[in-house]
Amino acid sequence: MDAPRGRAKPPRHLADLTLAERQEAATGAGLPAYRAKQLSTHYFERLVDDPEQMTDLPAAQRAQLVETFLPALATPLRTLEADRGTTRKTLWKLFDGALVESVLMRYPDRATMCVSSQAGCGMACPFCATGQGGLTRNLSTAEIVDQVRAAAQVAARGGLGGGPGRLSNVVFMGMGEPLANYNRVVAALRRLTDPAPGGFGLSRRSITVSTVGLVPAIGRLADENLDVTLAVSLHAPDDELRDTLVPVNTRWKVAEVLAAADAYAARTGRRYSIEYAMIRDVNDAPARADLLGDLLAPRLAHVNLIPLNPTPGSQWDASPKAVEREFVRRLEARGVPVTVRDTRGREIDGACGQLAATN
Ligand code: SAH
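As a starting point, this report considers the structure included with it. (Residues numbered from 1 in each chain as written. Predicted model: local features only at pLDDT ≥ 70, side-chain atom pairs only at ≥ 80, totals over all residues. Heavy atoms only, no water.)

1. A short note on unusual backbone geometry
Ala196 connects to Pro197 through a cis peptide bond whose omega is 5°. With respect to the helices and strands, the residue Pro197 is situated in the loop between helix 6 (182-193) and strand 8 (207-211). Positioned with a positive phi, Arg84 is a non-glycine residue whose angle comes to about 50°. Looking at the secondary structure, you find Arg84 in the loop between strand 1 (74-82) and strand 2 (87-94). Residue classification places Arg84 among the exposed positions, given a relative accessible area of 83%. Backbone geometry at Ala124 places phi at a positive 60°, although glycine is not the residue there. Along the chain, Ala124 falls in the loop between strand 5 (118-120) and helix 4 (129-133). (Helix = DSSP H or I, 4+ residues; strand = E, 2+ residues; numbered from the N terminus. Buried < 20%, exposed > 50% of the residue type's maximum accessible area, 1.4 Å probe, protein only.)

2. Topic: the environment of Ser210
In this fold, Ser210 is placed in strand 8. Ser210 gets classed as buried once you look at its relative accessible area, which sits at 9%. Here the alpha-carbon distance between Ser210 and Asp294, two residues 84 residues apart in the chain, equals 22 Å. Not counting chain neighbours up to four residues away, the residues in contact with Ser210 comprise Phe172, Met173, Glu177, Pro178, Ala231, Ser233 and Glu275. At 2.6 Å, the side chain of Ser210 forms a polar contact with the side chain of Glu275. (Contact = heavy atoms within 4.5 Å. Polar contact = N/O pair within 3.5 Å; in protein donor to acceptor, adjacent residues only side chain to side chain.)

3. Structural notes on the pairing of strand 8
Of all 5 residues in strand 8, 5 are buried, a share of seventy percent or more. With burial as the criterion, each face of strand 8 is covered, one bearing Ile207, Val209 and Thr211 and the other bearing Thr208 and Ser210. Bridge count for strand 7 (residues 169-172) against strand 8 is 3 bridges, and the pairing is parallel. Along strand 8, the bridge assignment pairs Phe172 with Val209. Note on the crossover from strand 7 through helix 6 to strand 8: the handedness is right-handed. (Pairing = 2+ DSSP bridges. Right-handed = clockwise from strand over helix to strand, strands pointing away.)

4. Brief notes about the layout of surface pockets
For the largest pocket, the calculated volume is near 670 Å³. Every residue lining the largest pocket is counted, 32 residues in all, and those nearest its centre are Arg110, Val171, Met173, Asn304 and Arg341. Counting only elements with at least two residues in the lining of the largest pocket, the list comes to strand 3 (99-107), strand 4 (110-114), strand 7, strand 9 (229-233), strand 10 (272-278), strand 11 (301-307) and strand 12 (338-340). Looking at side-chain class alone, the lining of the largest pocket contains 13 nonpolar, 13 polar and 6 charged residues. (1 Å grid on protein atoms, 1.4 Å probe; cavity = no way out; pocket = protein on both sides within 12 Å on 5 of 7 lines; lining within 4 Å. Points joined across faces, edges and corners; volume = space filled by probe spheres on them. Nonpolar A, V, L, I, M, F, W, Y, C, P; charged D, E, K, R; others polar.)

5. Observations concerning the pairing of strand 2
The element strand 2 is extensively covered by neighbouring structure, given that 7 of its 8 residues are classed as buried. Where strand 1 hands over to strand 2, the hairpin turn is made up of 4 residues, of which Asp83 adopts a positive phi near 50°. Count of turn residues in the strand 2/strand 3 antiparallel hairpin: 4 residues, of which Gly97 carries a positive phi of about 95°.

6. Quick word on the packing of helix 6 against helix 7 (residues 215-223)
Look at helix 6 against helix 7: their axes get within 12 Å of each other, and the N-to-C directions meet at 30°. On the basis of the axis angle, helix 6 is roughly parallel to helix 7. Considering only the axes of helix 6 and helix 7, their crossing is right-handed. Together, Tyr182, Asn183, Val186 and Leu189 of helix 6 and Ala217, Arg220 and Leu221 of helix 7 make up the contact between the two elements. A class-by-class count of the residues in the contact of helix 6 with helix 7 yields 5 nonpolar, 1 polar and 1 charged. (Axes fitted to C-alpha atoms, helices over the stretch in contact; angles between N-to-C directions. Parallel < 35°, antiparallel > 145°, perpendicular 65-115°, else oblique. Left-handed = near helix turned anticlockwise from the far one by under 90°.)

Here is the structure:
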C-alpha cells in the first residue's frame, strides 16, 4: 500500500540548499558551520550519502547531522540493465510511496543520466507512457539531485558497463515536464552546475532541459543565466497535428514555442534542439519534413529524430527506416542539422517515453 500522496512534503535534504543555506541550517541546529561543508564534500565530491562512510564525523553528532541534512529520500526497488550493461534503469520509491525511474547510459565518450523531475506527468502526450499515467506530484530539488548523485556513484565505482567513468551529462528527459516544476528544477540545475562542494560542478552545456514548450517558463529560464542546453519536443511542424500530439499546443502554438526557443538561443548563443518522435503515418510524411525544414532553416536549431518507442496499449509504431531516411534527407537539403537518437534501453522499457514506473 502506498502512503497518501500530495500531502506531506519530501523531507528537507542538504541537496535542497545552497552551501550558505546549509551552513545556516547547521548553526541553526547547534552544529558547527564547517560540518555543512564536510557533508557537502562527501555528498557532491565523494558522491556518498551513507553517513556510515563519513568517518570524519564525530559519532556523537552523527544522528543530528543525518536528521538535519541526510534524511532518506528514495529507495531503489529494481534495477534493469540492457545494452551489455551500458544502459541501466532504476525504479525508485520515494518517501511517500511515489515511484520514479531514472536511466543511466554509457557511451564511448560520455556517461549520461536521464532524470525525472516529476512523479508522472500532466502533459498527456498520447504517445508517451508517462503522459498516460497522469501527474502524481512534483519532485523536490533533492529528489532530483539525488538521482544524479546515485548515478555518478555507480559510474565512478564501475557499476556501469565499460568500467569506471565520470558522469558527464544530465538530460531532463525522464518522467515529468521539468518546466512545470520550475523552481525545484532550477535549484537542481544550480546544484548540478555549482562548483564543489556547493554542487557537482558539471558543465552547463552538458545538461539538457527538455520541454513540451511552456513558453513563459522558457523565457524565465533564459533569465536565470544557467546556459543549459534547451530541447523542445515539437513532434509536428503544424498546429493542427501538434494540438493532438502535444496537447499543451492548444495553449502555446508552434510559432510561439519556436520564438521562445529562439530568444533562449539568442541569450545563450547556443543551438537548441528540436525533438521529433517519428510516428509511422502520423507525422512522418515528406511534406512535414519540408515544412519543418522551412521553419527551422533560418534558426539556430538542430533536429533530433527519435524513432517512436512502443508503449503499452498504443497502436502507434515507429516510422520505417526508409521513411526516416527521407525525412532526414529533406531536412538536410534545407541545411538543417539532424541526428537520429539511438533507442537505448528499449527492451527494459527504459527508452524515451517508456518510463511508467509501475511496481
Ligand atoms: N516533458 C519533457 C521531457 C519528456 S521525455 C518533454 O516533453 O520534452 C523526452 C522526450 O521523449 C520528449 O521529446 C518526448 O516527447 C519523447 N517521447 C515521449 N514518448 C516517446 C515515445 N514513446 N517514443 C519516443 N519518444 C518519446
